[in-house]
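# A closer look at the structure
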Amino acid sequence: MDASMDLLKWLEPDMMIQILRSLEDPADLVRVGAVSRSWRHFVIENGLCKQLCLRMFPQLCRVARVVELNQEDRMEVGSSSNWMEWESMVKDHRVYAFLAQCCTSFVSKNCIQEAICASSTDNYPEESIINTLEAGDVVERRASYWSSKGHKDRRVPETLVYKLVSDLCVITELSIQPFQAFFQPGLPIYSATAVRFRMGHPKSPDFKSDLMDESCHDDEFNWTYTSQEFQMAQEKRLQKFKLPEPVLCIGGYLQIELLGRVQRQEMDGLYYICVSHVQVMGHSLAPALGVEGLDSSGNFVLKHDLQADNSQPGLPENKPCSSSTVHLERRVRTLEQILEMLRGNQIEYVFADEDEDESDEEFVF
């Protein structure tokens, strides 16, 4: 490039930084760094790729440091402090440039790996949160949904917690389908009034959920992102809630907060919330990018596996909980009910016809 036309020679550094900060596509920053050696140095020294990532995802302000896996150590014995500082900046530039590129172009997939816990469950395990992983409201001739416990106060909220497919996921949209009790008079729909989403990680690295009672407490998690409230319709359909901007979930846990109750059950006069299906759409950054040393304060180490660069970031091998696993659990419950019948105990739960939405048979809610 002709030095007389080089903007770095004509403009003040602060002005150049302001101009380059206006670039929103990470590919543009890469092209800028390829103009010349001086331009590349300018992009790296000022951490422009990192600044772009921080604008996209403010949660990255908690990054304590960046590490590259499977990278040969170029730090030679006797290297000067300036050289070591420069190599560190180059490393940060590579990692953040790759991160920004991964987050700007991807195909959305369901990012739920497993259901963790619910704030309450009316009848466990028949009305477990695990049922929300199924797409339909009837599975193997059985009603499939999660139900909260009943309350007289319709303002009492409920929460559902899920683990995502990796500890770094970009989430764009969430979908929830309220459950319609086709076995009750009037076909009531037990939706919530509104919904809100949180993303984050457990405070303790030894966190384990207890699926026997499915209870979990909000103080067990550090939620680094909280969405606005979205209104929910009292309708039997998969209702989509698109986030204003893509959100980087650091730690791999998501909470759905169901706010307010709209439907009272006729038999006991209590308000319930019931959900038949949940989807969390987005993109996993594993295996190329990951999190290490996530502590209670939210600080963490951002890991970049260089050997995974050539693979398209996506869902890891441990895909979301398959329907076969849920079906197996249902078969076990069915066998338990048969055993109870052989023992002479009365079973109140009645199977519904899988092909019919309405049934004259009674289900216990």
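Residues numbered from 1 in each chain as written. Predicted model: local features only at pLDDT ≥ 70, side-chain atom pairs only at ≥ 80, totals over all residues. Heavy atoms only, no water.

Next up on the list: the confidence of the model for the chain. Residues at a pLDDT of 70 or more form 78% of the chain, whose mean pLDDT is 83. Low confidence marks residues 310-323, where pLDDT is under 50. Its contacts with residues over four positions away, or in another chain, come to 28 contacts. Scored below 50 in pLDDT, residues 349-365 makes 46 contacts in the model with residues more than four places away or belonging to other chains. (pLDDT = per-residue confidence, 0-100. Contact = heavy atoms within 4.5 Å.)

Of the residues making up helix α3 (residues 26-33), those classed as buried are Pro26, Leu29, Val32 and Gly33. In a view along the axis of α3, the buried residues occupy a sector of 110 degrees, so they form one face of it. Here the buried face of α3 lies against α2 (13-21), α4 (37-45), α5 (48-56) and α6 (81-104). (Buried < 20%, exposed > 50% of the residue type's maximum accessible area, 1.4 Å probe, protein only. Helix = DSSP H or I, 4+ residues; strand = E, 2+ residues; numbered from the N terminus. Arc of directions from axis to C-beta.)

Our next topic: the sheet that holds strand β1 (residues 63-69). The three strands lie next to each other as β1-β18-β17, forming an open sheet whose pairing is mixed. The sheet is open, and its two borders are formed by β1 and β17 (289-292), each paired with just one other strand. If you compare each strand with its neighbour and ignore which way they point, the axes differ by 25 degrees on average. In this structure, β1 lies alongside strand β18 (residues 300-305), joined through six bridges in parallel fashion. Residue pairing for β18: Val66 is matched across the bridge by Leu302. (Pairing = 2+ DSSP bridges. Axes fitted to C-alpha atoms, helices over the stretch in contact; angles between N-to-C directions.)

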